[in-house]
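Take a look at the letters that make up each chain.
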Amino acid sequence: MQTLASSLIVLALAALAGLSACAPQEVPVETRIANAAPAVSVRARGETAPVGTANADAADDPAIWRNAADSAASLIVGTDKKAGLYVYGLDGKVRDFFDAGAVNNVDLRDNVLINGVPGILVAASDRNDLAQAKLALFRLDPASAKLTPLGKIDAGAGEAYGVCFYRDATALYAFMVAKDGTINQVAIDASGAAPTGRIVRTLKLGTQSEGCAADERTGRLYVAEEDAGLWRFDAAATGSTTPVKIAAADNRNIVADAEGVAVAPMGQRDGYVIVSSQGDNAYALYRLSDESYVGRFRIVDGSVGGSEETDGIDVALGDFGPDYPQGLFIAQDGHNAAAAQNFKLVSWGDIMRAVVPQEK
């Protein structure tokens, strides 16, 4: 004869089993790949050393600084979102690490007036306080590859996720993308003894968002809403706050989550916006001039490993030396075999030859 306690246990277990049966089952990645639009294969030509946080989702977002005078001396800044910021050389070796705690995304701009002297300004989305987003600002020394902290700027309520710079004729801005889809445009002044910032306007997407990139030629901001797709906003501080959808996360061209975003500008108005289709380990390209879908690629195993479940990406065009003569594309690798996560380096020319062969 069952006791009351044992009967309650049986009922509780039955209820849990019912909930489990009703819960949506995750679609295997092989199925997501099979159902998605075709993607061509490219291979990375290099990779960074793994981040220091092992056995965790830690590496997240890269930013590229191109040394126009000496391409071999170019640098990469990447986040370990549980520990801080790394600086790598093009050889992938660690040049510096700054213990900044929980920083998620990163971006940089050259020729910014910092403490009265032009330099490279680095901004990371600081989420050490989950209730209050901040921008952590640093100067990057191109000679020593060292990061020097400049201070933090308030960037609105919520958990800091994505960040990207935008500069026009009047000011330098950082777009802070909060986890809930709120996007604050922060005007930054780093010219004095300590940096200052003020929120000049607020944009909004409906659900969790992160990756962003701005095209300074056209004044457009691109933001990925993870389960919805890729959106465009006016980047000007006086522009419209209404988002325009470029592409849906339709499980064909973009398989949720839509994550990292990067802009590859070509000519006066053309080029490509790239978005990480994290759900099927791919990257989708859209033409900037008319926002049409162009194609997709995956980074597969070669002399170094491929990339899977990519969060952040970045691209910079120009000569980066013999391995990257037309430009450099970098993607976070969410698996990286048995090692901790890292970043994969891909020749932009290889991507163009694979995806858009008529535009080598």
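The structure presented is a predicted model; accordingly, all values stated were derived computationally and were not measured. (Residues numbered from 1 in each chain as written. Predicted model: local features only at pLDDT ≥ 70, side-chain atom pairs only at ≥ 80, totals over all residues. Heavy atoms only, no water.)

J.: Whenever I open this one, the packing of aromatic side chains confuses me. Can you help?
T.: To describe a pair of aromatic rings, one takes the distance between the centres and the angle between the planes. One pass over the full model with this rule turns up 11 aromatic pairs. Between the aromatic rings of Tyr86 and Tyr88, the centroid separation amounts to 5.7 Å while the plane-to-plane angle is 15°, which identifies the pairing as stacked. Residue Tyr86 shares its accessibility class with Tyr88, and that shared class is buried. Put simply, the rings of Tyr86, Tyr88, Phe97 and Phe343 pair up and form one aromatic cluster. A cation sits over an aromatic face here: Arg66 above Phe320, 6.0 Å from the ring centre. (Phe/Tyr/Trp six-rings, centres within 6.5 Å; stacked < 30°, edge-to-face > 60°. Buried < 20%, exposed > 50% of the residue type's maximum accessible area, 1.4 Å probe, protein only. Lys NZ or Arg CZ within 6 Å of the ring centre and 35° of its normal.)

J.: Help me understand the side chain of Ser277 in this model?
T.: Relative to the elements of secondary structure, Ser277 occurs in strand β20 (residues 270–277). Setting aside chain neighbours within four positions, we find Ser277 in contact with Asn253, Ile254, Val255, Asp257, Ala282, Tyr283 and Arg296. (Helix = DSSP H or I, 4+ residues; strand = E, 2+ residues; numbered from the N terminus. Contact = heavy atoms within 4.5 Å.)

J.: Honestly, the side chain of Asp107 in this entry has me stumped. Any pointers?
T.: Note on placement: Asp107 falls in strand β7 (residues 103–114). A polar atom in the side chain of Asp107 sits 2.8 Å from the backbone nitrogen of Phe165. With near-sequence residues (within four places) excluded, Asp107 lies in contact with Ala63, Leu121, Val122, Ala123, Val163, Cys164 and Phe165. (Polar contact = N/O pair within 3.5 Å; in protein donor to acceptor, adjacent residues only side chain to side chain.)

J.: Is there a simple way to explain the environment of Asp215 in this structure?
T.: Among the secondary structure elements, Asp215 is positioned in strand β15 (residues 209–215). For Asp215, a relative accessible area of 2% gives the class buried. On a C-alpha basis, the gap between Asp215 and Leu288 in space is 9.2 Å, while along the polypeptide they are 73 residues apart. Here Asp215 is in contact with Tyr166, Arg220, Tyr222, Val263 and Leu288, once residues within four sequence places are set aside.

J.: Explain the sheet that holds strand β24 (residues 327–333) to me, please; I cannot follow it from the model alone.
T.: Across a sheet, paired strands are connected by hydrogen bonds in the backbone, their directions being either parallel or antiparallel. Taken in spatial order, the 4 strands line up as β2-β25-β24-β23 in an open sheet, and their pairing is antiparallel. Whereas interior strands pair on both sides, the edge strands pair on one side only; in this sheet they are β2 (46–47) and β23 (313–317). In this structure, β2 lies alongside strand β25 (residues 342–347), joined through 2 bridges in antiparallel fashion. Across the sheet, the residue bridging to Gly46 is Leu345, located in β25. Running at roughly 65° to β25, helix α3 (residues 348–355) makes contact with β23, β24 and β25 of the sheet. (Pairing = 2+ DSSP bridges. Axes fitted to C-alpha atoms, helices over the stretch in contact; angles between N-to-C directions.)

J.: How should α3 be read in this particular structure?
T.: Counting along an α-helix, one turn takes 3.6 residues, and residues three or four places apart therefore face a common direction. The buried fraction of α3 is high, at 6 of 8 residues. Every buried residue of α3 is listed here: Trp348, Gly349, Asp350, Ile351, Met352 and Val355.

J.: So what exactly am I meant to see when it comes to the state of the cysteines here?
T.: Among covalent bonds in proteins, the disulfide is the one between the sulfur atoms of two cysteines. Applying the stated criterion to the full structure yields 1 disulfide. In this model Cys164 forms its disulfide with Cys212; the gap between the sulfur atoms is 2.3 Å. Sign of the S-S torsion, about -125° for the bond between Cys164 and Cys212, identifies this disulfide as left-handed. In this pair, Cys164 sits in strand β11 (residues 160–167) while Cys212 sits in strand β15, placing the two residues 48 residues apart along the sequence. Judged by its relative accessible area of 2%, Cys164 falls in the buried class. Residue class for Cys212 comes out buried when judged on its relative accessible area of 8%. (Disulfide = S-S within 2.5 Å.)

J.: Just checking my understanding: could you explain the pairing of β25 for this structure?
T.: Here is the key point about a regular strand: its side chains alternate between the two faces of the sheet. By the criterion of burial, β25 is predominantly enclosed, with 6 of the 6 residues buried. Of the pairings in the sheet, the one linking β24 to β25 comprises 6 bridges and is antiparallel in character. Residue Ile330 lies in a different strand from β25, and its bridge partner there is Leu345.

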